[in-house]
2 protein chains.
Amino acid sequence: MSDYYKVSLDEAEMPTQWYNLIPDLPTPPPPPLHPGTHEPIGGPDLAPLFAMALIEQEVSTESYIDIPGGILDVYRLWRPSPLYRARRLERALGTPAKIFYKYEGVSPTGSHKPNTSVAQAYYNHQEGITKLTTETGAGQWGSSLAFATAQYGIECEVWQVAASYRSKPYRKTMMEIWGASVHPSPSDVTEFGRQLLAKDPGHPGSLGIAISEAVSMAVDDPNTRYSLGSVLNHVLLHQTIIGEEALLQLDKVGETPDVVIACTGGGSNFGGLSFPFVREKLAGRMDPVIRGVEPASCPSLTKGQYRYDFGDTAGMTPLVKMHTLGHQFIPDAIHAGGLRYHGMSPIVSHLYEEGIMEAEAITQVECFGAAVQFARAEGIVAAPEPAHAVAATVREALACKESGDEKTILLGLSGHGHLDLASYDDYLLGGLVDHEFSDADLSAAMAHVPII
Amino acid sequence: MSDYYKVSLDEAEMPTQWYNLIPDLPTPPPPPLHPGTHEPIGGPDLAPLFAMALIEQEVSTESYIDIPGGILDVYRLWRPSPLYRARRLERALGTPAKIFYKYEGVSPTGSHKPNTSVAQAYYNHQEGITKLTTETGAGQWGSSLAFATAQYGIECEVWQVAASYRSKPYRKTMMEIWGASVHPSPSDVTEFGRQLLAKDPGHPGSLGIAISEAVSMAVDDPNTRYSLGSVLNHVLLHQTIIGEEALLQLDKVGETPDVVIACTGGGSNFGGLSFPFVREKLAGRMDPVIRGVEPASCPSLTKGQYRYDFGDTAGMTPLVKMHTLGHQFIPDAIHAGGLRYHGMSPIVSHLYEEGIMEAEAITQVECFGAAVQFARAEGIVAAPEPAHAVAATVREALACKESGDEKTILLGLSGHGHLDLASYDDYLLGGLVDHEFSDADLSAAMAHVPII
């Protein structure tokens, strides 16, 4: 294996358990609170929204959860995903560092999202649910849920932010290919949507509004549940297969990472890759730096506050303790749509607060520059979200060049950018601008956050 | 392996030789002729256009040609490509047939084209060439050459049909990400292009015109050569790694195909998958039906004539004996751009004439219908070109359901459709129309073909 480029796993080597980090944490993350009573919420509060198996996973104290065969069979359409050694990028940078990247762009939708959408569709189908609703922005999550529901023959109804529905029609087409119904949000099929359209027929919508519409349709129908693509514990749990595979693959070539780098928006890609390495770190079996990378214009970890806040703009969800920029903060319209979220997964926030991980914020101009360099060296055109992790990897590799350190870097490449080429065009034409988040922005955004 | 979904090969199992079918054919294909003298052409005639190593491969009588390590290293970025058992599609169709598909969409550009672009860039670089020129329509070939030249640090200049350059900007962006220069064709950088623009500043261009521009730029500069993405013997040679891998993968699970199905435009995807199986068939080691699938609106094999014709519209290339609809035939603007070519590779034409393979023509409405069914079952959204092979596979599998035959079908899935979603949108909205090629079309198109 001295000159390998790709480290593959056979189907038979695919992990058959997800890893739950919570029991291994030195202290547990604070519980979510009811938005009205501010009391900790439990399973029954969530039952109208999620399948019971998913609620059990959300609060589970087991370290490992078996992946059912009916999920493994669908995972096999693209998993195990490849781990690459970035020999050409190393040479292009002139770094002594060894760079590995775990590539999730081989999934049917081109990202890591199906790792959880398949699991969510499976459990709902098992419990007799016949339809799932969800919201989506640019459409990556919506298309992943549409793919997953098609595998189990259940319906999928997606509310897509109207501005994206109109300006980025291709993800909508993907959802429809897989049989989903897609509404621009606000829509005329919910009471809330109709109210907003009455005031403004051309309303551009927002993720917060789309969540409200998708949730209301699930709550109103006993055979329908709602599905979320990030932030929640069970979503991050499903993604840990990424890191478990990467551990096996690095072990095959005798490597241990010194640095694990992934982008983080809601936290599902970051948690999926890094949590198994956090386990190894906490157990003293290795000691990697674990680094999350976020956009300079939406830096919830590096600039946000760690406190209870709402998950949605309207303030209807449970209150969760997380790093937040304030639930009414509207991030700049940067191209990495998957990183435009005011908050951060409670587990990731807790890890950051405990000093188990670190974080850095990078501008999108630097990210696209690094992604172009990566594409020319490694061939793969990264999505704008993992372009943030690519930029952080280039920074680390150049620091190694300076210091002479032969570090082993593991990079999470969560998806390809074949549906994001317009954003590369903006970059190549010099049209990208970055607004760095300021203290004044924070003060303004925090004014609406409840004091608990 | 009783319940496998994917048959993987390790890097170490990747074939290290391309297969040249020509020496194994019962009779050799007729030679190409000089457009002026009508005499057979040789290597020296081609030297201004192609690297010497490629010209040697074009006329080689060796059965196997070693793949240099410098090419294998780049192949490793995505090869060996996966072979899938389409268990979900089999269930959805209720067929007793076993369906396998070899998937080339995992390459950086999302199709099989890099198998030859990488080889062409490598040999030109080895011979000191510093720039490659080529033409492209929708952009799949141009982006594949741009990716390949970036791997070896040589320049790439692409002439893209102006209508596509303006209406489909994303492939242009991909080419630019990999560092290529892209001109709309006709362009103001060649004499021929300037002549056309003087007459019509908004000229939409054509593949024939773009070829003329790319060729003229190569001929005029001793450090520049030209690169073609299909039709020629050396291009099909490079693609045979697809079929060689598929043979190894089927062998791993103890299967022998009864039918091998691939779409064919210029012939590179079809030849790449099928030629190793043709070898096995001619040697009597297996007896699969080998089936090429073409669009009903551009049916060069099933409706064209087998005779000498030009490869380009302007009549500047060598004359090659092939199935042709006439070099001045302009196919309908169907969405499978890669299958819109008036002729067919001389080797594929020869195989068809000798009765070693068969062919069928299918309308695009049937193809998109089958591709949507495939996507819902298998997850992968196919490009419009391999959608033709998917449709032929569905036909075969349904015939097996009727007859009870448990045939083993091998399908070539040459690329994903993430950049072709607008065409799916047209299909889903019912906007696709098919023009079936008629005898009157043939008479009209053949009037311009020279009589040799």
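Keep in mind it's a predicted model, so treat the numbers as computed, not measured.

What counts, and where the lines are drawn
- Residues numbered from 1 in each chain as written.
- Chains lettered and ligands numbered in written order.
- Predicted model: local features only at pLDDT ≥ 70, side-chain atom pairs only at ≥ 80, totals over all residues.
- Heavy atoms only, no water.
- Phe/Tyr/Trp six-rings, centres within 6.5 Å; stacked < 30°, edge-to-face > 60°.
- Helix = DSSP H or I, 4+ residues; strand = E, 2+ residues; numbered from the N terminus.
- Lys NZ or Arg CZ within 6 Å of the ring centre and 35° of its normal.
- Domains from an automatic or database assignment.
- Contact = heavy atoms within 4.5 Å.
- Salt bridge = Lys/Arg side-chain N within 4 Å of Asp/Glu carboxyl O.
- Polar contact = N/O pair within 3.5 Å; in protein donor to acceptor, adjacent residues only side chain to side chain.
- Nonpolar A, V, L, I, M, F, W, Y, C, P; charged D, E, K, R; others polar.
- Buried < 20%, exposed > 50% of the residue type's maximum accessible area, 1.4 Å probe, protein only.
- Lys, Arg positive; Asp, Glu negative; His and termini not counted.
- Least-squares fit on C-alpha atoms with pLDDT ≥ 70 in both.
- Right-handed = clockwise from strand over helix to strand, strands pointing away.
- Pairing = 2+ DSSP bridges.

1. Focus on the packing of aromatic side chains
At step 1: Inspection of every chain in the model, using the stated rule, returns 31 aromatic pairs over all chains.
At step 2: Where B:Trp78 meets B:Phe147, the ring centres are 6.0 Å apart and the plane angle is 70°; that geometry is what we call edge-to-face. Separated by 69 residues along the polypeptide, B:Trp78 in the loop between helix 3 (69–75) and strand 4 (83–85) and B:Phe147 in helix 6 (residues 140–152) bring together distant segments of the chain.
At step 3: Three or more aromatic residues link up through ring pairs in this structure, and these residues are A:Trp18, A:Tyr122, A:Tyr123 and A:Tyr152.
At step 4: One Lys or Arg, A:Arg87, reaches over the ring of A:Tyr5 and ends 5.8 Å from the middle of that ring.
At step 5: Taking NZ or CZ as reference, B:Arg87 lies 4.9 Å from the ring centre of B:Tyr4, over its face.

2. Here we look at the domain arrangement of chain A
Residue and element names in this part refer to chain A.
At step 1: Entries for chain A in the domain assignment read domain 1 (6–13 + 78–110 + 239–448) and domain 2 (18–66 + 113–233).
At step 2: Contacts between the two partners involve 40 residues from domain 1, matched on the other side by 39 residues from domain 2.
At step 3: Counting every contact that joins domain 1 to domain 2 gives zero salt bridges.
At step 4: Our enumeration of links across domain 1 and domain 2 arrives at 14 residue pairs in polar contact (both at pLDDT 80 or more).
At step 5: Going through the elements one at a time, helix 12 (241–252), helix 13 (268–282), strand 12 (305–310), strand 13 (319–324) and helix 15 (346–353) are the ones with two or more residues in the side of domain 1 that touches domain 2.
At step 6: The element best represented in the side of domain 1 that touches domain 2 is helix 13, accounting for six residues.
At step 7: Tallied by class, the residues present in the side of domain 1 that touches domain 2 amount to 22 nonpolar, 11 polar and seven charged.

3. Quick notes on the side chain of B:Glu294
All names here are of chain B.
At step 1: When you line up the elements, Glu-294 lands in strand 11 (residues 289–295).
At step 2: Within the buried set, Glu-294 has no salt-bridge partner at all; the shortest N-O distance to an opposite charge, 8.2 Å, is to Lys-303.
At step 3: Of note is the side chain of Glu-294, whose polar atom sits 3.3 Å from the backbone nitrogen of Ser-300.

4. Remarks on the relation of the copies chain B and chain A
At step 1: When chain B is fitted to chain A, the best match, at an RMSD of 0.0 Å, comes from turning it 180° and sliding it 0.0 Å along the axis. When the rotation and shift are considered jointly, the pair of chain copies conforms to a two-fold rotation axis.
At step 2: Mapped onto chain A, 100% of the interface residues of chain B again fall at the interface, so both copies present the same surface.

5. As for the pairing of strand 11 of chain B
Residue and element names in this part refer to chain B.
At step 1: Where burial is concerned, most of strand 11 is hidden: six out of the seven residues are buried.
At step 2: With helix 13 (residues 268–282) bridging strand 10 (residues 259–263) and its parallel neighbour strand 11, the resulting β-α-β unit is right-handed.
At step 3: Bridge analysis of strand 11 against strand 14 (residues 358–362) gives five bridges, and the strand direction is parallel. Looking at strand 14, one finds that Glu-294 is bridged to Ala-361.

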